[in-house]
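Here is how the chains run, residue by residue.
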Amino acid sequence: AQSVAQPEDQVNVAEGNPLTVKCTYSVSGNPYLFWYVQYPNRGLQFLLKYITGDNLVKGSYGFEAEFNKSQTSFHLKKPSALVSDSALYFCAVRDNTGGFKTIFGAGTRLFVKA
Amino acid sequence: SQTIHQWPATLVQPVGSPLSLECTVEGTSNPNLYWYRQAAGRGLQLLFYSVGIGQISSEVPQNLSASRPQDRQFILSSKKLLLSDSGFYLCAWSFNSGGAGRETQYFGPGTRLLVL
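Residues numbered from 1 in each chain as written. Chains lettered and ligands numbered in written order. Predicted model: local features only at pLDDT ≥ 70, side-chain atom pairs only at ≥ 80, totals over all residues. Heavy atoms only, no water.

> Help me out: how do you make sense of the overall build of chain B in this one?
Within chain B, the secondary structure is distributed over zero helices and eleven strands. Reading the secondary structure of chain B in the N-to-C direction produces β-β-β-β-β-β-β-β-β-β-β. Split into buried and exposed, the 116 residues of chain B put 49% on the buried side. For chain B, restricting intrachain contacts to residue pairs at least 6 apart in sequence, the fraction spanning at least 24 positions comes to 57%. (Helix = DSSP H or I, 4+ residues; strand = E, 2+ residues; numbered from the N terminus. Buried < 20%, exposed > 50% of the residue type's maximum accessible area, 1.4 Å probe, protein only. Contact = heavy atoms within 4.5 Å.)

If you want it as structure tokens, here you go:
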């Protein structure tokens, strides 16, 4: 069975500092991994995804994520946080068997202080 | 470019009343369509998905149903709402390449439903 864990409910970081939002996953087979961001009372916005190839994936708004197969992780990173990055972040996984079910993590709330 | 719409944005309904939420996608043909529920501002639960007109798959047994009367229209319904149906309902679409696989899902703005 597929699963996703976001071990931190909340991450606090000062503006200008690097940020990391953690995600680990479990799938039978090769994973497709996604990061989304959600602002209050809005839908989810796609940030980036890993399908295959280079382990470092670059996405929107300066975010990137590193796929680590041995640690089954896909942590989201940004070198310099902005106050406007404060939001709820979701990691999601789908396996490569062609199924339609995407498993979402519980979400991590990011607070960036000025 | 593609756009996804959902309405209404908010809805307050009494227990036992019917429900109809609508989702439409513009700028693409034959998309995969999805309904999710998000409870308490956290994790998403897949409710239904559709790979074509009239084709609906249900992920979770519940008080809700879905229909796809047109290629780019996806409707979430209930005959009698329960208190537990309250939540934030999100519609999403992805390109249809014969399997969900690597396609990104793009989400609509959501409908907040409060059942009293």
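> Explain the state of the cysteines to me, please; I cannot follow it from the model alone.
Formally, a disulfide is one covalent bond, and it connects the sulfur atom of one cysteine to the sulfur atom of another. Residues and elements named next belong to chain A. Applying the stated criterion to the full structure yields two disulfides over all chains. Covalent S-S linkage joins Cys23 and Cys91, the inter-sulfur distance amounting to 2.0 Å. Between Cys23 and Cys91, the S-S torsion sits near -60°, and that sign places the bridge as left-handed. Of the two residues, Cys23 is situated in the loop between strand S3 (19-21) and strand S4 (24-26) and Cys91 in strand S10 (residues 87-95); the sequence distance between them amounts to 68 residues. One exposure class covers both Cys23 and Cys91, and it is buried. (Disulfide = S-S within 2.5 Å.)

> Before we go on, may I ask you to explain the interface of chain A and chain B in this structure?
How big an interface is tends to be stated in terms of accessible area lost as the parts join. Contact residues are listed per partner, giving 26 residues for chain A and 26 residues for chain B. When chain A packs against chain B, close to 2,000 Å² is buried across both sides, 53% of that on carbon and sulfur atoms. The three residues of chain A that bury the most area against chain B are Leu44, Phe100 and Phe104 of chain A, which together make up 30% of that side's buried surface. Counting across the interface, chain A meets chain B through one salt bridge. Linking Lys101 of chain A and Glu59 of chain B is a salt bridge whose minimum nitrogen-to-oxygen distance equals 3.3 Å. (Buried area = accessible area lost by both parts, 1.4 Å probe. Salt bridge = Lys/Arg side-chain N within 4 Å of Asp/Glu carboxyl O.)

> It is not clear to me how the pattern of salt bridges should be interpreted in this structure. Could you clarify?
Two side chains with opposite charge may pair up if their charged atoms get near one another. Scanning the model with the defined rule gives five salt bridges over all chains in all. Measuring nitrogen to oxygen at the nearest pair gives 2.8 Å for the salt bridge that ties Lys58 of chain A to Glu64 of chain A. Owing to a relative accessible area of 62%, Lys58 of chain A belongs among the exposed residues under this scheme. Arg68 of chain B serves as the salt-bridge partner of Asp71 of chain B, at 3.3 Å between the closest nitrogen and oxygen.

> Would you mind showing me how to read the side chain of Arg68 of chain B here?
Residue and element names in this part refer to chain B. Residue placement: Arg68 occurs in strand S7 (residues 65-70). Separated by 2.6 Å, the side chain of Arg68 and the backbone oxygen of Asp71 make a polar contact. In this view, Arg68 contacts Asn30, Pro31, Leu33, Ser50, Val51, Gly52, Ile53, Gly54, Ile56, Gln73 and Phe74; residues no more than four positions away in its chain are not counted. (Polar contact = N/O pair within 3.5 Å; in protein donor to acceptor, adjacent residues only side chain to side chain.)

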